[in-house]
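Overview (structure and organization)
Residue-level listing of the chains:
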Amino acid sequence: MAAGEREGRDYLQRHRIPELLQRLGELLLYHRPERPREFLIQVLERVKAGKRDVGEYPYLMDEGNLAAMFSLLDVVGQGHITAAQYREALKTLGLSTEDLQFGDDVNITLDVFKEEVKKKMLASWAVY
């Protein structure tokens, strides 16, 4: 690999550009806006505002989506899921499973699930 190519790859990784582009692509496919360029500009402005704590980061999953995901995991309708199911949900959403606060013996309710997933989503946008 040439030095210039290596430097380019290092730059992309250091600034997490592949992950950012993947997220932007996911948002485009989810929302399918009529004016994609303007939509992307608005998303990036929301990320910038979120970093300054004057706005919210863009979310791919809203409250309804999170509730639906939880109900798919809670197939028997017990009102909770296991920590292992929670970890798998995070992986499915492309979110970090590092620094989880729940042991394997903990049951996670819908409210805790939504709150924790939102925190993880915020943390994932904050790195850009």
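About the thresholds
Residue indices begin from 1 for each chain and proceed along its sequence in written order. Under the rules for a predicted model, residues below a pLDDT of 70 receive no local features and side-chain atom pairs below 80 are neither given nor counted, while totals for whole chains, interfaces and linings still include all residues. Hydrogens are left out, water is left out, and the side-chain values use all remaining heavy atoms of the structure. The domain boundaries here were taken from an automatic or database domain assignment. Whether two residues are in contact is decided by their heavy atoms: any pair within 4.5 Å suffices. When two components associate, each loses some accessible surface as probed by a 1.4 Å sphere; the sum of these losses over both components is called the buried area. For this analysis, a salt bridge means a side-chain nitrogen from Lys or Arg found within 4 Å of a carboxyl oxygen belonging to Asp or Glu. Here a polar contact means two N or O atoms within 3.5 Å. Within protein one must be a hydrogen donor candidate and the other an acceptor candidate, and residues neighboring in sequence count only if both atoms are side-chain atoms. Numbered from the N terminus, helices here are DSSP runs of H or I no shorter than four residues, and strands are runs of E no shorter than two. UniProt positions are given in the numbering used here, feature names are shortened, and annotations may be inferred rather than shown by experiment. Geometry of aromatic contacts follows a simple scheme: Phe, Tyr and Trp rings, the Trp one being its six-membered ring, pair when their centres are within 6.5 Å, and the pair is stacked under 30 degrees between planes, edge-to-face over 60, tilted otherwise. Here the term buried applies to any residue with accessible area under 20% of the maximum for its type, exposed to any over 50%, and partly exposed to those in between, with areas from a 1.4 Å probe on protein chains only. In this text, buried Ala, Val, Leu, Ile, Met, Phe, Trp, Tyr and Cys residues form a nonpolar core when linked through side-chain atoms within 4.5 Å.

Digging into the domain arrangement of the protein chain
- The assigned domain composition of the protein chain is domain 1 (3-51) and domain 2 (63-126).
- Here the C-alpha centre of domain 2 lies 25 Å away from the C-alpha centre of domain 1.
- At the junction of the two partners, domain 1 supplies eight residues and domain 2 supplies six residues.
- Roughly 530 Å² is buried in total at the junction of domain 1 and domain 2, and carbon and sulfur atoms are behind 50% of that figure.
- Summed over the three residues of domain 1 that lose the most area to domain 2, namely Arg 23, Val 47 and Lys 51, the buried surface amounts to 71% of that side.
- At the boundary of domain 1 with domain 2, the tally comes to zero salt bridges.
- Linking domain 1 to domain 2 there are one residue pair in polar contact (both at pLDDT 80 or more).
- When contributions to the side of domain 1 that touches domain 2 are tallied by element, the ones reaching two or more residues are helix H2 (17-31) and helix H3 (36-51).
- The element contributing the most residues to the side of domain 1 that touches domain 2 is H2, with five residues.

Here we look at the UniProt feature "domain: EF-hand" (unreviewed entry) in the protein chain
- Under the UniProt annotation, the feature "domain: EF-hand" (unreviewed entry) is placed at residues 61-96.
- From the first C-alpha to the last, residues 61-96 spans 15 Å; its make-up is 58% helix and 8% strand.

Regarding the packing of aromatic side chains
- Following the criterion strictly, the structure yields two aromatic pairs and no others.
- Taken together, a centroid distance of 5.5 Å and an interplanar angle of 55° make the contact between Phe 70 and Phe 113 tilted. Taken together, the residues Phe 70 in helix H4 (residues 63-73) and Phe 113 in helix H6 (residues 110-126) connect sequence positions 43 residues apart. Take Phe 70 and Phe 113: they sit in the same class, and that class is buried.

Observations regarding the nonpolar core
- Leu 66, Ile 81, Tyr 86, Ile 108, Phe 113, Val 117 and Met 121 are the most contacted members of the largest nonpolar core, which totals 15 residues.
- Those elements that place two or more of their residues in this core are H4, helix H5 (83-92) and H6.
- At four residues, the largest contribution of residues to this core is made by H5.
- Those residues in contact with Tyr 86 that sit more than four places away from it in its chain are Ile 81, Leu 100, Phe 102, Ile 108, Phe 113, Glu 116, Val 117 and Lys 120.

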